[in-house]
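Close look at the chain arrangement
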Amino acid sequence: MSDLNKSHKEAVETVRELIKGIDTAMFTTISAEGLVSRPMKTQEVEFDGDLWFLTKKDTSKFGEILHDPRVNVVYADKSYVSVRGTAKLVQDLDKKKEFWNAGYDAFLQTSYDDPEVILIQVQAEAAEYWKSGNLAEKATYLFKRITNQDTEQSNLNQTIELM
């Protein structure tokens, strides 16, 4: 495995550990008026460089992504992680079924096979995270080690390129 592939894999693993167990994220899109953020439930799938969300086509975020696919997703709980990426609207019935649960029946007032239900796939480009507790400190140290940086002093935050 090349050093570049190893660094990418380590970066993805760092983000995976930092966002693990955080169900809700603030999802930011770009509207005609400017930036718009709203809470959204992240799908329970292990982070591999992509984040997944479910929505309906009649929402403002659907149109905003069609107009400008640049998004930002922020997680805050045991750590603080800001993921910058490009959103893609995906109509995949099998994936929608995989992610669907009874909560969506009530919240979206429909079923997974409704053609108005759409997936948002965010292809992460970079993640910035801030230390909070032991896990984030270890992640910062790990990131510095794999990028051959000085580990003597600890910075408050790091940015990881994912692409």
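For the structure, check the block above.
Note that the structure is a prediction, hence the values are computed from the model and not measured.

The rules behind these values
- Residues numbered from 1 in each chain as written.
- Predicted model: local features only at pLDDT ≥ 70, side-chain atom pairs only at ≥ 80, totals over all residues.
- Heavy atoms only, no water.
- Salt bridge = Lys/Arg side-chain N within 4 Å of Asp/Glu carboxyl O.
- Buried < 20%, exposed > 50% of the residue type's maximum accessible area, 1.4 Å probe, protein only.
- Helix = DSSP H or I, 4+ residues; strand = E, 2+ residues; numbered from the N terminus.
- Pairing = 2+ DSSP bridges.
- Core = buried A, V, L, I, M, F, W, Y, C linked by side-chain atoms within 4.5 Å.
- Contact = heavy atoms within 4.5 Å.
- Arc of directions from axis to C-beta.

Following the criterion strictly, the structure yields four salt bridges and no others. Between Asp 68 and Arg 70 there is a salt bridge, with the nearest N and O atoms lying 2.7 Å from each other. Judged by relative accessible area, Arg 70 falls into the exposed class, the value being 51%. Where Glu 125 meets Arg 84, a salt bridge forms, and the shortest distance between an N and an O atom there is 4.0 Å. One end of the pair, Glu 125, is in strand β6 (residues 117-130); the other, Arg 84, is in strand β5 (residues 80-90), with 41 residues separating them in the sequence.

Pairing of strand β1 (residues 24-31) with strand β2 (residues 34-41) involves eight bridges; the strand directions are antiparallel. Opposite Thr 24, over in β2, you have Lys 41 as the bridge partner. Counted between consecutive antiparallel strands, the loop separating β1 from β2 contains two residues. The pairing of β1 with strand β4 (residues 70-76) spans three bridges and is classified as antiparallel. Residue pairing in the sheet places Thr 28 in a bridge with Asn 72 of β4.

A few words on the nonpolar core. Ranked by internal contacts, the top residues of the largest apolar core, which has 26 residues, are Phe 27, Leu 51, Phe 53, Val 73, Tyr 75, Val 122 and Leu 162. Elements with a contribution of two residues or more to this core: α1 (3-19), β1, β3 (50-56), β4, β5 and β6. Ignoring any residue separated from it by four or fewer positions in sequence, one finds Val 122 in contact with Phe 27, Gly 49, Asp 50, Leu 51, Phe 53, Val 71, Val 73, Gly 85, Thr 86 and Ala 87. Counting nine residues, the second-largest nonpolar core is a separate cluster that includes Trp 52, Trp 100, Val 117 and Leu 119.

What follows covers unusual backbone geometry. Phi at Gln 109 takes a positive value of approximately 55°, unusual for a residue other than glycine. Turning to its location among the elements, Gln 109 is positioned in the loop between α4 (102-108) and β6.

What follows is about helix α2 (residues 60-67). Residues Lys 61, Phe 62, Glu 64 and Ile 65 constitute the buried set of α2. Along the axis of α2, the buried residues cluster in a sector spanning 165°; they form a single face. Within α2, the exposed residues directed more than 90 degrees away from the buried face are Leu 66 and His 67. Against the buried residues of α2 lie β1, β2, β3, β4, β5 and β6.

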